[in-house]
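Structural description and commentary
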Amino acid sequence: MRATEQQDSWASLLETFSKMSVAPPPEWAPIFGPLRTGARDAMMVLGQLGQTLDGRIATVTGHSKYINGPAGLTHLHRVRAVVDAVVVGVGTAVADNPRLNVRLVTGPHPARVVIDPKARLEPDALVWLDDGARRIVIVADQVKPNTPNGVEVISLPSRNGKLAPADILKALFTLGLKRILIEGGADTVSRFMQAGCLDRLHVIVAPIIMGSGRPGFSLPAIEHMDQAVRIKMHPHPLEDEMLFDCDLSAQRIALV
Ligand SMILES: NC(=O)c1ccc[n+]([C@@H]2O[C@H](COP(=O)([O-])OP(=O)(O)OC[C@H]3O[C@@H](n4cnc5c(N)ncnc54)[C@H](OP(=O)(O)O)[C@@H]3O)[C@@H](O)[C@H]2O)c1
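Throughout, residues of each chain are indexed from 1 in the direction in which the sequence is written. Selection of residues for local features in this predicted model requires a pLDDT of at least 70, selection of side-chain atom pairs for listing and counting requires 80 or more, and totals for whole chains, interfaces and linings are taken over all residues. To obtain the side-chain values, all non-hydrogen atoms of the structure were used and water was disregarded.

1. Some words on the overall build of the protein
Here a strand is any run of E in DSSP of at least two residues, a helix any run of H or I of at least four, and the numbering for each starts at the N terminus. Per the secondary structure count, the protein includes six helices and 11 strands. Note on method: radius of gyration uses C-alpha positions; expected globular size equals 2.2 Å times residues raised to 0.38. Scaling as 2.2 N^0.38, a compact globule of 256 residues should have a C-alpha radius of gyration of about 18 Å, and the protein matches this with 18 Å. Considering only C-alpha atoms, the protein reaches an extent of 55 × 45 × 35 Å along its principal axes. Note on classification: 1.4 Å probe, protein chains only; a residue is buried when its accessible area is under 20% of the maximum for its type, exposed when over 50%, partly exposed between these limits. Split into buried and exposed, the 256 residues of the protein put 48% on the buried side. Any two residues having at least one pair of non-hydrogen atoms within 4.5 Å are treated as being in contact. The long-range fraction of contacts in the protein, counting pairs at least 24 apart against all pairs at least 6 apart in sequence, stands at 66%.

Now the structure itself:
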């Protein structure tokens with residue numbers, strides 16, 4: 001497809017994305033079609049991780065910019081453009097200082113959400129820049145947020161310092177945010193996965209072997225292979241990278 005044709009068809013996808021009576025353009029349907037509705041209810045929650053061939057999402061020092069190349073990053077920005085909110089853990093907000101907006105394609109900026117139970121993130125973090133998008137911090141109750149004016153605050157009960165992923169999603173739903181991208185890092189995506197709070201997972205594998213570094217998933221240890229989760233999965237080549245679109249609907253709990 002020529003670049004202008006691709007831009008037109010992307011614009012058409014953006015325009016019709018929420019109109020369930022209109023089918024998405026066929027070139028986008030396989031990847032973006034499943035993101036239009038949730039597996040169990042009115043929410044759709046997508047996890048994403050960009051990783052190396054050997055399953056690493058950052059170096060041992062936490063450097064991850066950028067594991068994915070242009071195709072993988074453009075895909076990530078397209079996904080940001082169709083979701084209502086993009087969520088990261090405070091570990092990512094501190095390590096990467098990301099903007100979490102849409103720059104590599106045309107499309108609206110999603111709301112930006114940081115899970116920061118102890119209010120560790122500095123108020124001058126780029127994620128809080130006022131560009132018109134909603135900005136939301138999620139803290140544990142009793143914790144005073146450390147954010148600039150205009151950032152909305154969600155306070156949730158914590159158990160042993162942990163916020164239940166389902167509580168986070170329900171609170172976002174109450175704010176009108178229904179289609180959610182959990183963009184990282186590994187700890188945050190793993191918590192949502194373990195809690196049965198993901199409809200889908202996009203793992204974008206780059207042609208890199210790191211040989212060391214931080215793993216993509218951190219889940220409770222198992223002893224036997226039959227305890228491992230085998231996932232329904234569709235591969236989609238993105239130039240020299242591979243998107244593994246995993247369907248987690250079988251384990252997704254009801255949220256609303
Ligand atoms: N390759 C990729 O796709 C990708 C994407 C994003 C990030 N990264 C990399 O990943 C690294 C950061 O990931 P990470 O796993 O260390 O951290 P993270 O997932 O970004 O953040 C984890 C922290 O967020 C808070 N948190 C998240 N969910 C919570 C919950 N349900 N309840 C309570 N607290 C919660 C906790 O903060 P407290 O510690 O304050 O309790 C937790 O320690 C960086 O090196 C970054 O570059 C890679």
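2. With respect to helix H5 (residues 165–174)
Residues of H5 that are buried: Pro165, Ala166, Ile168, Leu169, Ala171 and Leu172. Residue Gly176 follows H5 closely and has a positive phi angle near 90°.

3. Brief notes about the pairing of strand S7 (residues 179–184)
Counted residue by residue, S7 has six buried out of six residues, so it is predominantly covered. With four bridges connecting them, strand S1 (residues 44–51) and S7 associate as parallel partners. Looking at S7, one finds that Leu46 is bridged to Leu181. By the convention used here, strands pair only if DSSP detects at least 2 bridges between them. Here four bridges tie strand S3 (residues 85–89) to S7, and the two strands are oriented parallel to one another. Pairing of Val88 across the sheet is with Gly184, part of S7.

4. Topic: unusual backbone geometry
With an omega of -10°, the peptide bond between Lys65 and Tyr66 qualifies as cis. For the bond running from Gly184 to Gly185, omega is -5°, close enough to zero to count as cis. With respect to the secondary-structure elements, Gly185 resides in the loop between S7 and helix H6 (186–194). With a phi angle near 80°, Gln142 is a residue other than glycine that sits in the positive phi range. Inspection of the secondary structure assignment puts Gln142 in the loop between strand S5 (135–140) and strand S6 (152–156). Phi at Glu239 is positive, roughly 50°, even though this residue is not glycine.

5. A look at the pairing of S3
Among the five residues of S3, five are classified as buried, and the element is accordingly described as predominantly covered. The alternating pattern of S3 places Ala85, Val87 and Gly89 and Val86 and Val88 on opposite faces, both of which are buried. Pairing between S3 and strand S4 (residues 111–115): five bridges, direction parallel. Within S4, the position partnered with Ala85 by the bridge is Ala111. With the strands pointing away from the viewer, any crossover whose connection runs clockwise from the first strand over the helix to the second is right-handed. A crossover links S3 with its parallel partner S4, the connecting element being helix H4 (residues 90–96), and its sense is right-handed.

6. As for the pattern of salt bridges
We define a salt bridge as a side-chain nitrogen of Lys or Arg found within 4 Å of a carboxyl oxygen belonging to Asp or Glu. Tallied over the full model, the rule gives 10 salt bridges. Residues Asp131 and Arg112 are paired through a salt bridge, measuring 3.0 Å at the closest nitrogen-oxygen approach. Taken together, the residues Asp131 in the loop between S4 and S5 and Arg112 in strand S4 connect sequence positions 19 residues apart. Residue Arg112 is classed as buried on the basis of its relative accessible area, which comes to 1%.

7. Observations concerning the side chain of Arg252
In this fold, Arg252 is placed in the segment after strand S11 (241–247). In this structure Arg252 comes out as buried when scored by relative accessible area, which is 2%. Nitrogen and oxygen atoms within 3.5 Å of one another constitute a polar contact, given that in protein one can donate a hydrogen and the other can accept it, and given that sequence-neighbouring residues count only through two side-chain atoms. At a separation of 2.7 Å, a polar atom in the side chain of Arg252 contacts the side chain of Asp41. From its side chain, Arg252 meets the backbone oxygen of Met43 in a polar contact 3.0 Å long. Apart from residues no more than four positions distant in its own chain, Arg252 is found in contact with Arg40, Asp41, Met43, Gly196, Cys197, Leu198 and Asp199.

8. Observations concerning the environment of Val256
You can see Val256 is positioned in the segment after S11. Apart from residues lying up to four places away in sequence, Val256 is in contact with Asp41, Ala42, Met43 and Phe173.

9. Remarks on the sheet that holds S7
The sheet built from nine strands is open, its strands ordered S6-S5-S4-S3-S7-S1-S8-S11-S10 with mixed pairing. The sheet is open, and its two edges are formed by S6 and strand S10 (232–238), each paired on a single side. Strand-to-strand twist of the sheet, defined as the mean angle between neighbouring strand axes without regard to direction, takes the value 20°. With six bridges connecting them, S1 and strand S8 (residues 200–205) associate as parallel partners. Its bridge partner lying in S8, Leu46 is registered against Arg200. Sitting on the sheet, H5 is in contact with S1, S3, S4, S5, S6 and S7, with an inclination near 140° to S6. Between N-to-C directions, angles cover 0 to 180 degrees, with each direction set by a line fitted to C-alpha atoms, over the stretch in contact for helices.

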